[in-house]
Amino acid sequence: MLEPIEEEGIKFKEYAELKDFVEDDSNSTNVHKINFTSGDTFYMNNDYQLIHQPYHGTAHDEYRFTSSALKKLFTIIGCGPLYHSMSLESSFGMATSYVNNILSPKNKYAKKLNGYNFIEKKGTILGFFSQKYTYVKNSEVLNAANGLMELDNGSSEFNFAEASVVNTRMKLRVNQEYTGFKLRGDKDDVCKLGLELRNSHLGDTALSTLIFVFRTICGNGMVANSNKMNSRVIHKGDAGNKIGSILRDAEEGYNDVKNRIETLLGIPYNLSTEIHHNSTAKRMLEKQAPIKVLPEMTENQWYHPNKKFKDDYTKTHQLNACANNLDNIPHKYPGVCSNIFNSRWKEEDERSLYDWTEIFTERANHESYSITEKENIQENVGTLVAFLAKNKTTFLN
């Protein structure tokens, strides 16, 4: 059974902390090339180590590995599904024996690994990348971003919001001044707009940008994509110019996301009661909206209109049950946004579809979720909001 080590994940609330970590991370990260042609050997030992012996040396180097690194290794050699099989309970050394058979230089699968580089930090392999890939360190991207946005200057147009680094995947979030707007004209309920800048040494996260939405009344963050802006670039160096081109397009992205939010504010969320035949939840399910936002919502018991049911009764029963689950979200996950949705001062048609989606972004802050899970929830909400806004006529009629 494979024994990867847990990936390092850190959150940052201050720019200076992020800068110090990223610079230290870059200095302690090393790149090594696997050259089978010249006589390198690369193999596994005792289910928890990868051994690399360069052709020009007599000593070998021992490394631990993360799950992401090993998944990438298996993907490169054309055995992607192998990782999950090797992670099952098995006798000690069985995984090593199987993997080493594949990694033999004479094996056609292993030959695909020839020429690849692996990134190692303090004795742990973090991932692999092709020799065609331009290695762009997070420190280079962060320095370029700071040069353009002056994040270390308190009077800048851009303000550092938060950041995270998981393995080598960096996400930097900033708010931009003068982009905020009131929800329903309420001076206390404001959405600030900004950017989430992403990068990874490994290329598993392209140098890219999404729109970051921060709702001040509840401290929620949503991340959304927009085809109105140039948001993704391939690693080929010159990070400064690339980030600069993204910033120039940001306003178009802001307006796009703002329009989605205002669209959903104008769509009432109709509960699945007997007097309401236009249930919003049922329409989302029938339209196959991406409602599986939270990790616990991924089970396969959700209603799907194309699923074959035993009879109409079973189909209707599952649709009603799933709709009730969605209607119950404001009670299942209490918080500021749930209180806004359930407010007794609201008329029934004032409970908006946007209020309902925001319950998920507030839930993302719960301590039970990892950094990656939280960020995935926030991105999933952005995807759901985009879908609902695009199909607004379905929910308004």
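In case you missed it, the structure is sitting above this.
Now for a look at the structure at hand. (Residues numbered from 1 in each chain as written. Predicted model: local features only at pLDDT ≥ 70, side-chain atom pairs only at ≥ 80, totals over all residues. Heavy atoms only, no water.)

Most of strand β6 (residues 117-121) is tucked away, with five of its five residues classed as buried. Across the two faces of β6 the burial is the same, with Asn117, Ile119 and Lys121 and Phe118 and Glu120 all buried. Two elements, strand β2 (residues 29-33) and β6, share five bridges in a ladder whose sense is antiparallel. Bridged to His32 within β6 is Phe118. As paired strands, β6 and strand β7 (residues 124-129) are joined by five bridges and run antiparallel to one another. (Buried < 20%, exposed > 50% of the residue type's maximum accessible area, 1.4 Å probe, protein only. Helix = DSSP H or I, 4+ residues; strand = E, 2+ residues; numbered from the N terminus. Pairing = 2+ DSSP bridges.)

Let us now look at the pattern of salt bridges. A complete count under the given rule lists 15 salt bridges for this structure. Of the charged contacts in the structure, one is a salt bridge between Asp25 and Lys121, with a shortest N-O distance of 2.7 Å. Taken together, the positions of Asp25 in helix α1 (residues 15-27) and Lys121 in strand β6 put the pair 96 residues apart, joining distant regions of the chain. A single burial state applies to Asp25 and to Lys121, both of which are buried. Connected through shared salt-bridge partners, Lys13, Glu162, Arg173, Glu196, Arg198 and Glu379 make up one network. (Salt bridge = Lys/Arg side-chain N within 4 Å of Asp/Glu carboxyl O.)

So, about the nonpolar core. If you look at the biggest cluster of nonpolar residues, it comprises 76 residues, and the most contacted ones within it are Leu172, Met284, Leu326 and Trp356. The dominant element in this core, judged by the number of residues it contributes, is helix α6 (residues 239-265), at nine residues. When sequence neighbours within four positions are dropped, the list of residues in contact with Trp356 reads Tyr269, Met284, Leu326, Ile329, Pro330, Phe341 and Leu384. Counting 27 residues, the second largest nonpolar core, distinct from the first, contains Phe36, Met44, Tyr63 and Ile76. (Core = buried A, V, L, I, M, F, W, Y, C linked by side-chain atoms within 4.5 Å. Contact = heavy atoms within 4.5 Å.)

Aromatic ring pairs are reported here in terms of the distance separating the ring centres and the angle at which the planes meet. Throughout the structure, instances matching the rule amount to eleven aromatic pairs. Between Phe12 and Phe21, the aromatic rings sit 5.4 Å apart at their centres with planes inclined by 50°, giving tilted as the arrangement. Here Phe42 and Phe128 contribute two aromatic rings whose centre-to-centre distance is 6.1 Å and whose plane-to-plane angle is 90°, an arrangement assigned as edge-to-face. Placement of the pair is Phe42 in strand β3 (residues 41-45) and Phe128 in strand β7, with a sequence separation of 86 residues. For Phe42, a relative accessible area of 3% corresponds to the buried category. For Phe128, a relative accessible area of 1% translates into the label buried. (Phe/Tyr/Trp six-rings, centres within 6.5 Å; stacked < 30°, edge-to-face > 60°.)

Relative to the elements of secondary structure, Ser28 occurs in the loop between α1 and β2. Here Ser28 falls in the buried class, since its relative accessible area comes to 16%. Excluding residues within four positions of it along the chain, Ser28 makes contact with Glu120, Lys121 and Lys122. Within the structure, the side chain of Ser28 is placed 2.9 Å from the backbone oxygen of Asp24, a separation counted as a polar contact. (Polar contact = N/O pair within 3.5 Å; in protein donor to acceptor, adjacent residues only side chain to side chain.)

Secondary-structure assignment places Asn107 in the loop between α4 (94-103) and β6. Judged by relative accessible area, which is 18%, Asn107 ranks as buried.

For the rest of this paragraph, the subject is the sheet that holds β2. The six strands lie next to each other as β2-β6-β7-β5-β4-β3, forming an open sheet whose pairing is mixed. The sheet is open, and its two edges are formed by β2 and β3, each paired on a single side. On average, each strand axis in the sheet is tilted by 40° relative to the strand beside it, whichever way the strands run. (Axes fitted to C-alpha atoms, helices over the stretch in contact; angles between N-to-C directions.)

Now for the state of the cysteines. If you walk through the whole model with that rule in mind, you get zero disulfides. Between Cys191, a free cysteine, and Cys218, which holds the nearest cysteine sulfur, the sulfur-to-sulfur gap is 8.0 Å. Cys337 provides the cysteine sulfur closest to Cys218, a residue in no disulfide bond, and the two sulfurs are 3.4 Å apart. (Disulfide = S-S within 2.5 Å.)

Remember that the coordinates give geometry; whether it matters functionally is a separate question.
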